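Commentary on secondary and tertiary structure
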Amino acid sequence: MFFKVQIPLIITFIVGAALVIAMFVPHFPFYEANENFSIYFDLIAVFAFILGGGNLLKIHGDRIWRKGRDWKYSIVTVVGFLAMLIVGTLKIGGPPGFTGDVSASDSWFGFMYYSMFVPLQSTMFSLLAFFVASASYRAFRAKTKEATMLLVAAFIILIGRTPLGHYVTGWLPPQLQFLHIPNLSNWILSVPSMAGQRAIMIGIALGIISTSLKLILGIERSYLGGESK
Amino acid sequence: MADDRPDKEQSSRPRKGVIDVLKAIDRRIIFLLITLGVVLPLIFHLVFSVRTSPIVQAIFDKMESLPPGSKVLVSFDYAPSTVPENQPMAEAICRHALAKDFKVYMMAVWATGPPQVDALVTNVIERDFPGKVYGKDWINLGYKAGNQGLINAILLDLKGMYTTDVHGDPIDGFEMMRDVQNLADMSLIVCIGSGFPGVREWVQFAGDPGRIPVAGGVTAVEAPLLYPYYPRQLLGLMGGLQGAAEYESALVLKYPQYKEHAEQAVRLMGPQTVAHLVIIAFVIIGNIAYFGERSRQKRAKKA
Amino acid sequence: MAHTFELWIGALLTLMIFSFLYKDNPFYKFAEHLFVGVSAAYWMVIGIWSTLMPNLVGRIAPNALQGVINMPEDAQPQYHFIVPAIFGLLMLTRLVERISWLSRWAMAFVIGFAAGTNFTRYLQSDFVGQIYNSMLPLVVVSSGHVAIGATFSAIVLIVGVISALIYFFFSKEHTGAFGATSRLGIWFLMVAFGAAFGYTVMARISLLTGRMQYLGEWLATIF
């Protein structure tokens, strides 16, 4: 219990408290603690990537072994992962060699990045354009006054944030320039929308501040899992 | 007697009205129209002129106000998925910085940032600034893991994390790194980002604690969320493709010699505009169908 | 030649993903699973070569990396970096069921760091900073005259922030004047969400435009 719960809580407290104090006392030892803990965090983050890779192998390997659902596609995942990992870690193939830049464009790793990773990731995200169009048609209804306000603001932004906005209301006289759609869209973003976003930001900040304090003081222990009590 | 069943069946089946058609448009038709809305303007090179908004102009004016030799850090914090929005911003900023003879320090807090730096080197530096010297006028520091921890670390000691540049050459061997200890030595930080970590983290971990001016270029999804930082914590913000196009317009107006290669985002505003009109049309159609159905139901209830 | 081959593979994978728009199919599933594997490996490889080798291994044992990574000739071992090395290895114990509890120590460090930095940064930038940003003159004077537009905007901004914050205050019932202010806050939030929706549409269309340009490049190699 001491090793599984108390020690992690002590580590969290020491690290968290040192960093909070470092903001107010930027001198030895807190300044050095801030500097070193930041570098340690960066290094541990890399191990998190390795853990992610290991976990992927574990889950998909298990699926292949037990011939679970879509196990044949898990072979694709594992083969793709191992190919990219081996080629990258050992810097196999291409001119730069073991001492060169791992992501040089004429290396095998670079080739896999540009021919697979880039198109796959880009296309996955671009699918959203179709779904947002479909969702706009199906779901965006001016059912209430508030929903109407949302749609009006959205339309002004959609038109105002393209060159079309200048053509639609460019003819307005100088006295009515505030109704010129690009000006209106800039005003919406800088004033009412900003007000709403600011309130949300303050609310989230209060939540994060209180959660961080609870984590440092050991009140919030959910990150320890089941035996945290 | 003649069998009039087909006529009876026809008369008992309700006629499909306009409202019924409008409320049941197949989503594949929507997908097709969106695709056409993007592809046709690309094929026919539909281009509009773009005017710069105040929030983007603020970044341009700041860059113009800095003297030659100023140190500008550009962080490439985006993935290939957002290249259409972010890459034009990054190229416009770097083109501007190099035209003004600033010292440009390029780095990344995202692992997918360095290939975008490589693309920028090819498209901007080798093409428009072949005389600029690596290590003297610009440097590529590369990526380090750690997200906001990295920013926190380099705010205090940049060379503590970046012991070498991206090619593995010792950092102190470069002329432009000799008088740089940490982020406070930068005149301006420009983060081109698309999520976490990004502009918000640069403001929180570098801009505010280090009192360093920070400007941002983000995807359109993130832009409204960052407006609360403007103008006191974030001196300017390029939001989405429009933001990139606005900065390019400002740049080309002042430096017309870069017009040929510096208007990628401006050229893409044509498809953007047409696609927006398609989306607006579908929202209107959906609402017409909704209100039409509602009034039909009201009439049926009264009857 | 290599670039053309790269373009062809990329275009075919792009079309496989787009095939999902018609319906789910084996080509899409293949491409999706390939993406998962390749992206996990990419982050691992880049993390190892950009950070782990120069900043950890290169600091604990600089001589071990001579010839692999450029290290300063006079680099001395910095043994305190054994601490993150140990924490990192402890993180990996999560993969072994029997000793996975050891990963809590590494997680504790990560959580402590995140909590410690977030506490101060969010307090400074997102709380105090935002309150400071909201403290604007309600009456804006420019060249000796009251600037009506700027004054109106300042009033709207302050009223908007306060009323939207009141909407999120759930410790008091939203009735009377408090309730009316809360309903005003909802209006400001609706405008914010509408603006966010408009921008979201813009973002998604931009990504699609980029992909169509890429496919256009591929088609240009054929025709």
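Here's a quick rundown of the structure. A quick note: this is a predicted structure, and the numbers were derived from the prediction, not measured.

In this section: helix 4 (residues 54-65) of chain B. The α-helix advances 3.6 residues per turn, and as a result positions three or four apart in sequence lie on the same side. Compared with the 16 Å implied by 1.5 Å per residue over 12 residues, the 16 Å span of helix 4 of chain B between its first and last C-alpha is a close match. Against the buried residues of helix 4 of chain B lie helix 5 (83-99), strand 4 (188-193), strand 5 (214-218), strand 6 (236-239) and helix 11 (240-254) of chain B.

Moving on, we come to a nonpolar patch on the surface. Residues and elements named next belong to chain A. On the surface, Phe2, Phe3, Ile10, Phe13, Ile14, Leu213, Leu217 and Ile219 cluster together into a nonpolar patch covering about 810 Å² of accessible area. A total of 5 residues in the nonpolar patch trace back to one element, the largest contributor, which is helix 1 (residues 2-24). In this fold, Phe2 is placed in helix 1. Using a relative accessible area of 47% as the deciding quantity, one classes Phe2 as partly exposed.

Turning our attention to the side chain of Lys71(B). Residues and elements named next belong to chain B. By the element assignment, Lys71 lies in strand 1 (residues 71-77). Its relative accessible area of 15% is what places Lys71 among the buried residues. A polar contact of 3.2 Å, which involves the side chain of Lys71, links it to the side chain of Asp179. Setting aside anything within four residues of it in sequence, one finds Lys71 in contact with Lys103, Tyr105, Asp179, Val180, Asp185, Met186, Ser187 and Leu188.

What follows is about the pairing of strand 6 of chain B. Residues and elements named next belong to chain B. What you see with strand 6 is no split at all: Gly236 and Met238 on one side and Leu237 and Gly239 on the other are buried throughout. Examined bridge by bridge, strand 5 and strand 6 share 4 bridges and lie parallel to one another. By the bridge assignment, Ala215 is partnered in strand 6 with Gly236.

Residue and element names in this part refer to chain B. Within strand 1, 7 of the 7 residues are buried, which leaves the element mostly enclosed by the surrounding structure. With burial as the criterion, each face of strand 1 is covered, one bearing Lys71, Leu73, Ser75 and Asp77 and the other bearing Val72, Val74 and Phe76. Inspection of the sheet shows strand 1 paired to strand 2 (residues 103-108) by 5 bridges, in the parallel sense. Opposite Val74, over in strand 2, you have Met106 as the bridge partner. The parallel pair strand 1 and strand 2, bridged by helix 5, forms a crossover whose chirality is right-handed. Direction of pairing for strand 1 relative to strand 4: parallel, over a ladder of 6 bridges. Within the sheet, the bridge partner assigned to Val72 lies in strand 4 and is Leu188.

A few words on unusual backbone geometry. Residue Pro29(A) follows Phe28(A) across a cis peptide bond; omega there is -5 degrees. Mapped onto the secondary structure, Pro29(A) falls in the loop between helix 1 and helix 2 (30-66). Unusually for a residue other than glycine, His45(B) sits at a positive phi of about 50 degrees. Examined against the element boundaries, His45(B) turns out to sit in the loop between helix 3 (27-43) and helix 4. A relative accessible area of 64% means that His45(B) is categorised as exposed. In this model, Asn147(B) sits at a positive phi of 50 degrees, which is unusual for a non-glycine residue.

Another point: the interface of chain B and chain C. Counting residues at the interface gives 54 residues for chain B and 41 residues for chain C. Taking both partners together, chain B and chain C bury about 4100 Å²; carbon and sulfur atoms supply 61% of that area. The closest approach of N and O atoms between Arg200(B) and Asp126(C), which form a salt bridge, is 3.3 Å. Counting across the chain B and chain C interface gives 19 residue pairs in polar contact (both at pLDDT 80 or more). Broken down by secondary-structure element, the contributors of at least two residues to the side of chain B that touches chain C are helix 3, helix 5, helix 7 (148-156), helix 8 (158-161), helix 9 (199-210), helix 10 (223-226), helix 11 and helix 12 (264-302) of chain B. The class makeup of the residues in the side of chain B that touches chain C is 27 nonpolar, 18 polar and 9 charged.

Attention now goes to the sheet that holds strand 3 (residues 138-143) of chain B. Residue and element names in this part refer to chain B. Strand order in the open sheet formed by 6 strands is 3-2-1-4-5-6, and the pairing between neighbours is parallel. Bordering the open sheet on either side are strand 3 and strand 6, each of which pairs with just one other strand. Strand-to-strand twist in this sheet, taken as the mean axis angle between neighbours without regard to direction, amounts to 15 degrees. Packing against the sheet, helix 11 makes contact with strand 5 and strand 6, and its axis sits at approximately 120 degrees to strand 6.

Now for the environment of Gln78(C). Residue and element names in this part refer to chain C. Relative to the helices and strands, Gln78 is located in the loop between helix 2 (26-60) and helix 3 (82-92). Between the C-alpha atom of Gln78 and that of Pro62, which follows or precedes it by 16 residues, the distance is 9.1 Å. What Gln78 contacts, discounting residues up to four positions off in sequence, is Arg59 and Ile60.

Take a positive patch on the surface next. The grouping of Arg294(B), Lys298(B), Lys301(B) and Lys302(B) at the surface amounts to a positive patch. Here Lys298(B) shows up in helix 12.

A common measure of how large an interface is: the accessible area buried when the components associate. Each partner contributes to the interface: chain C provides 108 residues, whereas chain A provides 109 residues. Here chain C and chain A share an interface that buries about 10600 Å² over both sides, 83% of which is from carbon and sulfur atoms. Summed over the shared surface of chain C and chain A, the result is 0 salt bridges. On the surface where chain C and chain A come into contact, there are 14 residue pairs in polar contact (both at pLDDT 80 or more). If one sorts the elements of the side of chain C that touches chain A by residue count, helix 2 of chain C sits on top with 28 residues. Of the residues that constitute the side of chain C that touches chain A, the class distribution is 74 nonpolar, 24 polar and 10 charged.

This part takes up helix 6 (residues 113-128) of chain B. Given a rise of 1.5 Å per residue, 16 residues ought to cover 22 Å, and the 21 Å separating the end C-alpha atoms of helix 6 of chain B matches this to within 8%. The sharpest bend along helix 6 of chain B reaches about 35 degrees and sits at Val121(B). Residues Gly113(B), Pro114(B), Pro115(B), Gln116(B), Val117(B), Leu120(B), Val121(B), Val124(B) and Ile125(B) constitute the buried set of helix 6 of chain B. Lining the buried residues of helix 6 of chain B we find helix 4 (108-139) of chain A, strand 1, helix 5, strand 2 and strand 3 of chain B together with helix 2 of chain C.

With 222 residues, the main nonpolar core has Phe76(B), Leu183(B) and Trp202(B) as its most contacted residues. With 16 residues, helix 2 of chain C is the largest single contributor of residues to this core. Dropping the residues within four chain positions of it, Leu183(B) is found in contact with Leu73(B), Ile151(B), Ile154(B), Leu155(B), Leu158(B), Ile189(B), Trp202(B), Ala206(B) and Ile212(B).

Calculation criteria
Residues numbered from 1 in each chain as written. Chains lettered and ligands numbered in written order. Predicted model: local features only at pLDDT ≥ 70, side-chain atom pairs only at ≥ 80, totals over all residues. Heavy atoms only, no water. Helix = DSSP H or I, 4+ residues; strand = E, 2+ residues; numbered from the N terminus. Expected span 1.5 Å × (residues − 1). Contact = heavy atoms within 4.5 Å. Patch = residues over 30% accessible without salt bridge, like charges linked within 9 Å, V, L, I, M, F, W, Y side chains within 5 Å. Areas by Shrake-Rupley, 256 points an atom, 1.4 Å probe, with all protein chains shown as cover. Salt bridge = Lys/Arg side-chain N within 4 Å of Asp/Glu carboxyl O. Buried < 20%, exposed > 50% of the residue type's maximum accessible area, 1.4 Å probe, protein only. Polar contact = N/O pair within 3.5 Å; in protein donor to acceptor, adjacent residues only side chain to side chain. Pairing = 2+ DSSP bridges. Right-handed = clockwise from strand over helix to strand, strands pointing away. Buried area = accessible area lost by both parts, 1.4 Å probe. Nonpolar A, V, L, I, M, F, W, Y, C, P; charged D, E, K, R; others polar. Axes fitted to C-alpha atoms, helices over the stretch in contact; angles between N-to-C directions. Lys, Arg positive; Asp, Glu negative; His and termini not counted. Charge placed at Lys NZ, Arg CZ, Asp CG, Glu CD. Bend = angle between axes of the 7 residues up to and from the residue. Core = buried A, V, L, I, M, F, W, Y, C linked by side-chain atoms within 4.5 Å.

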